[in-house]
Amino acid sequence: SQKIEQNSEALNIQEGKTATLTCNYTNYSPAYLQWYRQDPGRGPVFLLLIRENEKEKRKERLKVTFDTTLKQSLFHITASQPADSATYLCALPTGGYNKLIFGAGTRLAVHP
Amino acid sequence: KAGVTQTPRYLIKTRGQQVTLSCSPISGHRSVSWYQQTPGQGLQFLFEYFSETQRNKGNFPGRFSGRQFSNSRSEMNVSTLELGDSALYLCASSLDGQSSYEQYFGPGTRLTVT
């Protein structure tokens, strides 16, 4: 069955450093992959979408890569700030336009 | 534009009761999806409605149902509540899911079943 794995442990980094989060998937060939941010007690917020024919996508301090051979996406936040502290989720479509499966999320903590 | 709104924000019910949750999508969005989020299972897809029709369905029992109205507002219903139904229920809207894939989530309804 389709499976998505994200680092289950929290990622602690120092302010100003680059945070790198990993999303791996198996038994699957998605047409695109999405990244969301979720703060405690709130709904996820869409950040970036990358399609299978794109290797890299950038938005301000965010960068996403998508390696369909490795079945992996990397999510980078450069010059990280304490305000970037949140849980980051990757999501893939499965069997339908808006039918997404989500990874468990990686909690990022950026320390001053 | 106003974001996705969900009511109520918090709900406490007793096992065996039923509950109805409401979602108003972003104006112009025709697709509404529902998700259940729990600490153990994470975010799980329940179903999606588009133009008043259920277009996709997740692996949840028939106790979970939904509907969409002509103005795209959606409701989901859970009958015969079980303790394991305690979760954050999230609704997400998108334009149509065919040309635009971003989903915009509401704040969620926190359901506690006692």
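For the structure, check the block above.
Residues numbered from 1 in each chain as written. Chains lettered and ligands numbered in written order. Predicted model: local features only at pLDDT ≥ 70, side-chain atom pairs only at ≥ 80, totals over all residues. Heavy atoms only, no water.

> With reference to specific residues and values, describe the environment of K71(A).
Residue and element names in this part refer to chain A. Within the element layout of this structure, K71 appears in the loop between β7 (62–67) and β8 (72–77). Considering only alpha carbons, one finds K71 and T26, 45 residues apart in sequence, at a separation of 6.9 Å. Apart from the residues within four sequence positions on either side, K71 is in contact with C23, N24, Y25, T26, Y28 and S29. (Helix = DSSP H or I, 4+ residues; strand = E, 2+ residues; numbered from the N terminus. Contact = heavy atoms within 4.5 Å.)

> Tell me what's going on with the sheet that holds strand β6 (residues 56–59) of chain A, and back it up with residues and numbers.
Hydrogen bonding along the main chain pairs the strands of a sheet, whether they run parallel or antiparallel. Residue and element names in this part refer to chain A. Across the sheet, which stays open at both edges, the 5 strands sit in the order β1-β3-β8-β7-β6 with antiparallel pairing between neighbours. Of all the strands in the sheet, the pair left with one neighbour each is β1 (3–6) and β6. Each adjacent strand pair in this sheet contributes to an overall mean axis angle of 15°, direction not counted. In the sheet, β7 pairs with β8 via 6 bridges, with the strands oriented antiparallel. (Pairing = 2+ DSSP bridges. Axes fitted to C-alpha atoms, helices over the stretch in contact; angles between N-to-C directions.)

> Quick rundown of the nonpolar core? Include the residues and the values.
Membership of the largest hydrophobic core comes to 23 residues, with the highest contact counts inside it found for Y25(A), L33(A), W35(A), F75(A), I77(A), Y88(A) and L108(A). At the level of secondary structure, the elements contributing two or more residues to this core comprise β3 (19–26), β4 (32–38), β5 (45–51), β7, β8, β9 (86–93) and β11 (106–111) of chain A. Residue contacts for Y25(A): discarding those within four places in its chain leaves K3(A), I4(A), P30(A), L33(A), F66(A), D67(A), T68(A), K71(A), Q72(A) and L92(A). One finds V4(B), I26(B), V32(B) and Y49(B) within the second-largest nonpolar core, a separate group that totals 21 residues. (Core = buried A, V, L, I, M, F, W, Y, C linked by side-chain atoms within 4.5 Å. Buried < 20%, exposed > 50% of the residue type's maximum accessible area, 1.4 Å probe, protein only.)

> Describe the pattern of salt bridges, and please don't skip the residues or the numbers.
Residue and element names in this part refer to chain A. Counted according to the given criterion, the structure contains 10 salt bridges over all chains. The salt bridge partner of E54 is K57, with a shortest N-O separation of 3.8 Å. What makes E54 partly exposed here is its relative accessible area of 22%. Classification of K57 as partly exposed rests on a relative accessible area of 28%. (Salt bridge = Lys/Arg side-chain N within 4 Å of Asp/Glu carboxyl O.)

> So what about the packing of aromatic side chains? Which residues, and what values?
Residues and elements named next belong to chain A. Evaluation of the coordinates by the stated rule reveals 13 aromatic pairs over all chains. Ring geometry for Y25 versus Y28: centroids 6.1 Å apart, planes at 90°, classification edge-to-face. Looking at Y28, the relative accessible area reads 9%, which means it is buried. With centroids separated by 5.4 Å and ring planes inclined at 35°, the aromatic side chains of F75 and Y88 adopt a geometry described as tilted. Within this pair, whereas F75 is found in strand β8, its partner Y88 is found in strand β9, the two being separated by 13 residues in sequence. (Phe/Tyr/Trp six-rings, centres within 6.5 Å; stacked < 30°, edge-to-face > 60°.)

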